[in-house]
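Here is how the chains run, residue by residue.
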Amino acid sequence: MSMQEFSDNLSTLSYVSRRRAPLWLFDPKKKTLLGRTATSWALCLLFYLVYYTCLVAFFMGMMMVFLHTQVPTEEPTRTGMQSILQLKPGLGFRPMVDVRKSLIKFAKSDPQQYLLYTENINAYLEIYESVNSKPSGQFANCENGTKTPDDVEKVCRFPLSKLDPCNRENKFGYPDGKPCIIVKLNKVRSIYSDKQVAPNSYM
């Protein structure tokens, strides 16, 4: 090997050692990144930006058309016998700490055992406290068992004092071994009771 060939090989090795990235990743001569120039990358990103923007706008437009034409806002699509519940609304109860179990079991001498039950009832009654805090003009007057005005948009105010002695002060009767259980009727549209509600009663 001549001195000239040795010098050329040494220069090549020196150039390769100084190169930080392979040519397919970045080519300093052509100024390309992954085979694309800066202009090519900008045009590519612009294309996909416009493409996905139009795709999202089309999807949102179709959803708005579907919701406005197929899904009623005033009432469910299926009511009465066409609904899943038909005319047999189910009853729920509180406390329910586990949807897979309906048994309420605790020792009244151990507050930790019935703590979950009392907290569950508290969380449920907080909804009524929040509703009752609204101005009186948003409720109907339901004294003496008569609703005034008879407006479907207004409901009777449910006073939690009617639940005595089932209240927070008594811990809903759990320390005395007389637990309070709230029975709730699931909300079903277009169903009416066959019997008239007795005066001074609350549902």
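Residues numbered from 1 in each chain as written. Predicted model: local features only at pLDDT ≥ 70, side-chain atom pairs only at ≥ 80, totals over all residues. Heavy atoms only, no water.

**Here's the deal with the overall build of the chain**
Then step 1. For the chain, the helix and strand inventory stands at 3 helices and 6 strands.
Then step 2. A separation threshold of at least 6 residues defines the contact pool for the chain, and within that pool the share at least 24 residues apart is 56%.
Then step 3. As presented, the chain carries roughly 17,200 Å² of accessible surface, and 60% of it is formed by carbon and sulfur atoms. (Helix = DSSP H or I, 4+ residues; strand = E, 2+ residues; numbered from the N terminus. Contact = heavy atoms within 4.5 Å. Areas by Shrake-Rupley, 256 points an atom, 1.4 Å probe, with all protein chains shown as cover.)

**Description of the pairing of strand β6 (residues 182-185)**
Then step 1. Only one face of β6 is covered, namely the face carrying Ile 182 and Lys 184; the face carrying Val 183 and Leu 185 is uncovered.
Then step 2. Relative to β6, strand β3 (residues 91-94) runs antiparallel, the two being bridged by 4 bridges. Each residue of the ladder has a partner; that of Leu 91, found in β6, is Leu 185. (Buried < 20%, exposed > 50% of the residue type's maximum accessible area, 1.4 Å probe, protein only. Pairing = 2+ DSSP bridges.)

**Observations regarding the nonpolar core**
Then step 1. Counting 9 residues, the largest nonpolar core consists of Tyr 114, Tyr 117, Ile 121, Tyr 124, Leu 125, Phe 172, Tyr 174, Cys 180 and Ile 182.
Then step 2. Broken down by element, this core gets its largest block of residues, 5 residues, from helix α3 (residues 111-132).
Then step 3. The contact partners of Phe 172, leaving out residues within four places of it in the chain, are Thr 118, Ile 121, Asn 122, Leu 125, Cys 166, Asn 167, Lys 178, Pro 179 and Cys 180. (Core = buried A, V, L, I, M, F, W, Y, C linked by side-chain atoms within 4.5 Å.)

**Considerations on the confidence of the model for the chain**
Then step 1. Overall, the prediction assigns the chain a mean pLDDT of 78, with 78% of residues at 70 or greater.
Then step 2. For residues 13-18, every residue scores under 50 in pLDDT, and the model assigns this stretch 0 contacts once sequence neighbours within four places are set aside.
Then step 3. Confidence drops under pLDDT 50 across residues 197-203; counting only partners more than four residues distant or on other chains, this segment forms 8 contacts. (pLDDT = per-residue confidence, 0-100.)

**Regarding the state of the cysteines**
Then step 1. Across all of its chains, the model carries 2 disulfides by this definition.
Then step 2. Linked covalently through their sulfurs, Cys 142 and Cys 156 form a disulfide whose S-S length is 1.8 Å. For the disulfide bridge between Cys 142 and Cys 156, the dihedral angle about the S-S bond is near -85 degrees, and by the sign convention the bridge is left-handed. Here Cys 142, found in the loop between β4 (139-140) and β5 (155-156), pairs with Cys 156, found in strand β5; they are 14 residues apart in sequence, far enough to count as distant.
Then step 3. We classify Cys 156 as partly exposed; its relative accessible area is 36%.
Then step 4. The cystine pairing of the chain, numbering bonded cysteines in sequence order, is 1-2, 3-4. (Disulfide = S-S within 2.5 Å.)

**Here's the deal with the pattern of salt bridges**
Then step 1. A full pass over the atoms with the stated rule returns 2 salt bridges.
Then step 2. A salt bridge links Asp 98 to Arg 100; the shortest N-O distance between them is 3.3 Å.
Then step 3. Linking Arg 168 and Glu 129 is a salt bridge whose minimum nitrogen-to-oxygen distance equals 2.5 Å. Of this pair, Arg 168 sits in the loop between β5 and β6 while Glu 129 sits in helix α3, and the two are 39 residues apart along the sequence. (Salt bridge = Lys/Arg side-chain N within 4 Å of Asp/Glu carboxyl O.)

**Looking at unusual backbone geometry**
Then step 1. At the junction of Thr 148 and Pro 149, the peptide bond is cis and its omega measures out at -5 degrees in the coordinates.
Then step 2. Looking at the secondary structure, you find Pro 149 in the loop between β4 and β5.
Then step 3. Located in the positive-phi region is Phe 172, a residue other than glycine, with phi close to 55 degrees.
Then step 4. For Phe 172, the position within the fold is in the loop between β5 and β6.
Then step 5. For Phe 172, a relative accessible area of 2% gives the class buried.

**With respect to the packing of aromatic side chains**
Then step 1. One pass over the structure, following the stated rule, counts 11 aromatic pairs.
Then step 2. An angle of 65 degrees between the planes, with centres 5.6 Å apart, marks the rings of Tyr 124 and Tyr 128 as edge-to-face. Here the residue Tyr 124 and the residue Tyr 128 both occupy positions in helix α3, the gap between them amounting to 4 residues, near one helical turn.
Then step 3. Judged by its relative accessible area of 13%, Tyr 124 is buried.
Then step 4. Overall, Tyr 128 belongs to the partly exposed group, its relative accessible area being 31%.
Then step 5. The rings of Phe 47, Tyr 48, Tyr 51 and Tyr 52 are connected pair by pair, giving a single aromatic cluster. (Phe/Tyr/Trp six-rings, centres within 6.5 Å; stacked < 30°, edge-to-face > 60°.)

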